[in-house]
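Topology and contacts: notes
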Amino acid sequence: MLRIDPKSDVPPYEQLRDQLMAQIESGQLPPGARLPAVRRLAGDLGLAPNTVARTYRELERRSYVRTAGRNGTIVTEDTPDDTDPALEASRAHARALSAQGIDVDAAVRLLQRAFAELKKG
C-alpha cells in the first residue's frame, strides 16, 4: 500500500519513489511486476500525473524499472538487490537524509566531511 503524507517536508515524488524502491528491494514487487499506469496511480494517490511520471523516470534511471511502451512500466530483472552491508547502509542513510530534505549534493558534502573527520582521528 502506497501512501503520501501531504504534511511531510519530503516532496511527494520522493515519498513515492522511496516506497516503491523499498517494495522492489524487499521483493514485494518482484521482477516482471507491472507498476500501475501513471494516471491511475496519480488518481489513487491524489497526485498530479507529472509527479508519478517523475517518480517512474527516477526509478528507471536507477535501473529499478524499465518502460515497455504500451506494456507499461515493469520492475527489471536485474533490480539492484545486493545484500552488501555497505550498500544496505548507504541506502538506509540516503533514505534518512532524503526524509530530512537533504539532496544528493549536500549528502555528498556531509559524507566527505565525515570521512575528513575520521582522518583527523
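Only a predicted model underlies this, so the values are computations on that prediction, with no experimental measurement involved. (Residues numbered from 1 in each chain as written. Predicted model: local features only at pLDDT ≥ 70, side-chain atom pairs only at ≥ 80, totals over all residues. Heavy atoms only, no water.)

**Structural notes on the nonpolar core**
Of all hydrophobic cores here, the largest spans 19 residues; its most connected members are L16, L20 and L35. At the level of elements, α1 (12-26), α2 (38-45) and α3 (49-61) are the ones that each hand at least two residues to this core. In terms of residues, this core owes the most to one element, α1, which gives four residues. Aside from chain neighbours lying at most four places away, what touches L16 is L2, I4, L41, L45, L47, V52 and T55. (Core = buried A, V, L, I, M, F, W, Y, C linked by side-chain atoms within 4.5 Å. Buried < 20%, exposed > 50% of the residue type's maximum accessible area, 1.4 Å probe, protein only. Helix = DSSP H or I, 4+ residues; strand = E, 2+ residues; numbered from the N terminus. Contact = heavy atoms within 4.5 Å.)

**Let's talk about the packing of aromatic side chains**
On inspection of all chains with the given rule, the structure shows zero aromatic pairs. Against the face of Y13 rests R54, its NZ or CZ located 3.6 Å from the ring centre. (Phe/Tyr/Trp six-rings, centres within 6.5 Å; stacked < 30°, edge-to-face > 60°. Lys NZ or Arg CZ within 6 Å of the ring centre and 35° of its normal.)

**Here's the deal with α3**
For α3, spanning 13 residues, the distance from its first C-alpha to its last is 18 Å, which sits close to the expected 18 Å at 1.5 Å a residue. Residues of α3 that are buried: V52, A53, T55, Y56, E58 and L59. For α3, the secondary structure elements touched by its buried residues are α1, α2, β1 (65-67) and β2 (73-75). Following α3 by one or two positions, S63 has its phi on the positive side, about 70°. (Expected span 1.5 Å × (residues − 1).)

**Considerations on the pattern of salt bridges**
Tallying each qualifying case throughout the model produces eight salt bridges. For E25, the salt bridge is made with R95, and the minimal N-O distance between the two is 3.6 Å. On the criterion of sequence distance, the pair formed by E25 in helix α1 and R95 in helix α4 (residues 85-99) is long-range, its members being 70 residues apart. (Salt bridge = Lys/Arg side-chain N within 4 Å of Asp/Glu carboxyl O.)

**Quick word on the packing of α2 against α3**
Viewed as axis vectors pointing N to C, α2 and α3 meet at an angle of 120°, and their least axial separation amounts to 8 Å. Viewed along their axes, α2 and α3 adopt a mutual orientation that is oblique. Here α2 and α3 pass one another in a crossing that is right-handed. Of the residues in α3, those in contact with V38, R39, L41 and A42 of α2 are P49, V52, A53 and Y56. Among the residues making up the contact of α2 with α3, the classes are represented as seven nonpolar, no polar and one charged. (Axes fitted to C-alpha atoms, helices over the stretch in contact; angles between N-to-C directions. Parallel < 35°, antiparallel > 145°, perpendicular 65-115°, else oblique. Left-handed = near helix turned anticlockwise from the far one by under 90°. Nonpolar A, V, L, I, M, F, W, Y, C, P; charged D, E, K, R; others polar.)

**Considering the environment of T73**
Among the structural elements, T73 can be located in strand β2. For T73, a relative accessible area of 10% translates into the label buried. Taking the C-alpha atoms as reference points, T73 and G32, 41 residues apart in sequence, are found 9.3 Å from one another. Excluding anything up to four places from it in sequence, T73 contacts A33, R34, L35, Y56, V65, R66 and T67.

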